[in-house]
Amino acid sequence: MTGGTPAYAAHAVALCAGSAVWLAMVREPGTRRARVLFVDSLPQPRRAWPRLARARERVSETAQERREWWCVPAGVLLAVLGNSVLPLLAAAVAVPSIRRWLRRRAGARDAERATTAVAALCGAVVGELRAGREPGQALLVALREGLAGDASSTAAGGLLGEAESAVLAAARFGGDVPTALRQAAEGPGLGGLAGMAACWRVAVDGGAGLAAGLERLEAALREERRRREELRAQLAGAWSTVVVLALLPVAGLGLGAALGADPLRVLLHTPGGLACLALGVVLEASGLFWACRIMRRGEAA
């Protein structure tokens, strides 16, 4: 049992480091607001270590913005435990891939918020039209006031992107609003603006009711969002299975270290271990890629 003591200590250090990283990343959204309301409002003499608190805030924000760099401390820890430089090299190689993956996730979340904001824009324009405003004025008011105060959607400045100024100018000065909306619809998650442009064009050219068309468009967008959420909920179990299967090799390494087998030394310092490590990495990456591809196809369908 004395040979297993260093392994237990190493795993305890790794567990503490992982817990610290998780606590630094997963923070409650109300923590900062509570600090602003109840801590920052105190008189300056009663606040303890204000510079340390500000430095901690900056470090936390940087850690959340650069989450891919947490691979480097993990690689350093494994390199120290395994007495090899290979984990550090693997961590350095993994940083760009994890950065791209995080950016794709952020882009998907932004597109989801933009889709919700388009539906909210349609509802806001319908409300302004029902109140008796002209279409251009209704769109202008909805962009300036309706979405700016809606916490569940993107603000007006981030909804239309680069084409926002053209849409606002067309709505204010009687320009070609459908064309401006169609150009704005090229952004991610803003495809509903193309339907809004079509409703606008039909209402102007054919005399149809714009409010009725926008109501149907809003209902269609919200129904599409509801279907996506239902599909995501149905696939949550499958995603959990993929994650568990991906973490099984790590659990195997931990179990081997707990039994005193020292798997890191075998994998990183013996020819057979290096061959098994390379084969395992290839199989793990291939399995994750194939499983994620199947899941994404299911979500796209």
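So, a few notes on the structure that sits alongside this text. (Residues numbered from 1 in each chain as written. Predicted model: local features only at pLDDT ≥ 70, side-chain atom pairs only at ≥ 80, totals over all residues. Heavy atoms only, no water.)

1. A word on the overall build of the chain
Item 1. For the chain, the count of helices and strands is 13 helices and 0 strands.
Item 2. Across the chain, helices and strands are ordered from the amino to the carboxyl terminus as α-α-α-α-α-α-α-α-α-α-α-α-α.
Item 3. Taking all 301 residues of the chain together, the buried fraction comes to 27%.
Item 4. At a minimum sequence separation of 6, the contacts of the chain that also span at least 24 residues come to 60%.
Item 5. Accessible area for the chain stands at about 19,100 Å²; split by element, carbon and sulfur atoms hold 64% of it. (Helix = DSSP H or I, 4+ residues; strand = E, 2+ residues; numbered from the N terminus. Buried < 20%, exposed > 50% of the residue type's maximum accessible area, 1.4 Å probe, protein only. Contact = heavy atoms within 4.5 Å. Areas by Shrake-Rupley, 256 points an atom, 1.4 Å probe, with all protein chains shown as cover.)

2. Structural notes on the pattern of salt bridges
Item 1. All told, the structure shown has 13 salt bridges when counted by the stated rule.
Item 2. The shortest N-O distance in the salt bridge between Glu 218 and Arg 222 comes to 3.2 Å. You can see Glu 218 and its partner Arg 222 sitting in helix 11 (residues 210–258), 4 residues apart, about one turn around the helix.
Item 3. Accessibility expressed as a relative area gives 17% for Glu 218, which makes it buried.
Item 4. Given a relative accessible area of 40%, Arg 222 falls into the partly exposed group.
Item 5. Notably, a salt bridge pairs Arg 227 with Glu 223, separated by 3.9 Å at the nearest N-O pair. Placement of both Arg 227 and Glu 223 in helix 11 is noted, with a separation of 4 residues, approximately one turn of the helix.
Item 6. Take Arg 227: its relative accessible area is 47%, and that puts it in the partly exposed class. (Salt bridge = Lys/Arg side-chain N within 4 Å of Asp/Glu carboxyl O.)

3. Examining the environment of Leu 214
Item 1. Relative to the assigned elements, Leu 214 resides in helix 11.
Item 2. Considered as a pair, Leu 214 and Cys 199 are 15 residues apart in the sequence and their alpha carbons are 6.8 Å apart.
Item 3. The residues touching Leu 214, leaving out its near neighbours within four places in the chain, are Cys 122, Val 125, Val 126, Leu 129, Met 196 and Cys 199.

4. Section: helix 8 (residues 164–173)
Because an α-helix packs 3.6 residues into every turn, residues spaced three or four apart end up facing the same way.
Item 1. Among the residues of helix 8, those classed as buried are Glu 164, Val 167, Leu 168, Ala 170 and Ala 171. Angularly, the buried residues of helix 8 cover 165° about the axis, an arc narrow enough to put them on a single face. Helix 8 presents Ser 165 and Phe 173 as exposed residues on the side facing more than 90 degrees away from its buried surface.
Item 2. At the exit of helix 8 stands Gly 174, carrying a positive phi of roughly 75°. (Arc of directions from axis to C-beta.)

5. Looking at the packing of helix 5 (residues 86–130) against helix 11
Item 1. Contact geometry for helix 5 and helix 11: axes closest at 9 Å, N-to-C directions at 155°. The angle between helix 5 and helix 11 falls in the class roughly antiparallel. Seen along the crossing, helix 5 lies across helix 11 with a hand that is left-handed. Along the contact surface, helix 5 presents Glu 112, Thr 115, Thr 116, Val 118, Ala 119, Ala 120, Cys 122, Gly 123, Val 125, Val 126, Leu 129 and Arg 130, while helix 11 presents Leu 210, Ala 211, Ala 212, Leu 214, Glu 215, Leu 217, Glu 218, Leu 221, Arg 222, Arg 225, Arg 228 and Arg 232.
Item 2. The class makeup of the residues in the contact of helix 5 with helix 11 is 13 nonpolar, 3 polar and 8 charged. (Axes fitted to C-alpha atoms, helices over the stretch in contact; angles between N-to-C directions. Parallel < 35°, antiparallel > 145°, perpendicular 65-115°, else oblique. Left-handed = near helix turned anticlockwise from the far one by under 90°. Nonpolar A, V, L, I, M, F, W, Y, C, P; charged D, E, K, R; others polar.)

6. Some points on empty space enclosed by the protein
Item 1. Summed over all chains, the structure comprises 1 cavity of 30 Å³ or more.
Item 2. In terms of lining residues, the largest cavity is bounded by Thr 115, Thr 116, Ala 119, Leu 221, Arg 222 and Arg 225.
Item 3. Counting only elements with at least two residues in the lining of the largest cavity, the list comes to helix 5 and helix 11.
Item 4. For the lining of the largest cavity, the class distribution of residues is 2 nonpolar, 2 polar and 2 charged. (1 Å grid on protein atoms, 1.4 Å probe; cavity = no way out; pocket = protein on both sides within 12 Å on 5 of 7 lines; lining within 4 Å. Points joined across faces, edges and corners; volume = space filled by probe spheres on them.)

7. Here we look at a nonpolar patch on the surface
Item 1. Together, Val 76, Val 80, Val 85, Leu 86, Leu 88, Leu 89 and Leu 274 make up a nonpolar patch on the protein surface, roughly 570 Å² of accessible area in all.
Item 2. Secondary-structure elements contributing two or more residues to the nonpolar patch are helix 4 (71–82) and helix 5.
Item 3. Position of Leu 89 among the secondary structure elements: in helix 5.
Item 4. Overall, the relative accessible area of 48% leaves Leu 89 in the partly exposed class. (Patch = residues over 30% accessible without salt bridge, like charges linked within 9 Å, V, L, I, M, F, W, Y side chains within 5 Å.)

8. Description of the packing of helix 11 against helix 13 (residues 271–300)
Item 1. Interaxial distance between helix 11 and helix 13 falls to 11 Å at its minimum, and their mutual angle equals 180°. The angle between helix 11 and helix 13 falls in the class roughly antiparallel. Contacts between helix 11 and helix 13 involve Leu 231, Leu 235, Ala 238, Trp 239, Val 242, Leu 245, Ala 246 and Pro 249 on the former and, on the latter, Glu 284, Leu 288, Ala 291, Cys 292, Met 295, Gly 298 and Glu 299.

9. Focus: unusual backbone geometry
Item 1. A positive phi angle, near 55°, is found at Asn 83, a position not held by glycine.
Item 2. Non-glycine residue Asp 262 carries a positive phi angle of around 55°.
Item 3. Following the sequence through the fold, Asp 262 ends up in the loop between helix 11 and helix 12 (263–269).
Item 4. Judged by its relative accessible area of 38%, Asp 262 falls in the partly exposed class.

10. Looking at the side chain of Thr 115
Item 1. Inspection of the secondary structure puts Thr 115 in helix 5.
Item 2. Beyond its immediate chain neighbours, meaning those up to four positions away, Thr 115 contacts Gly 189 and Arg 228.

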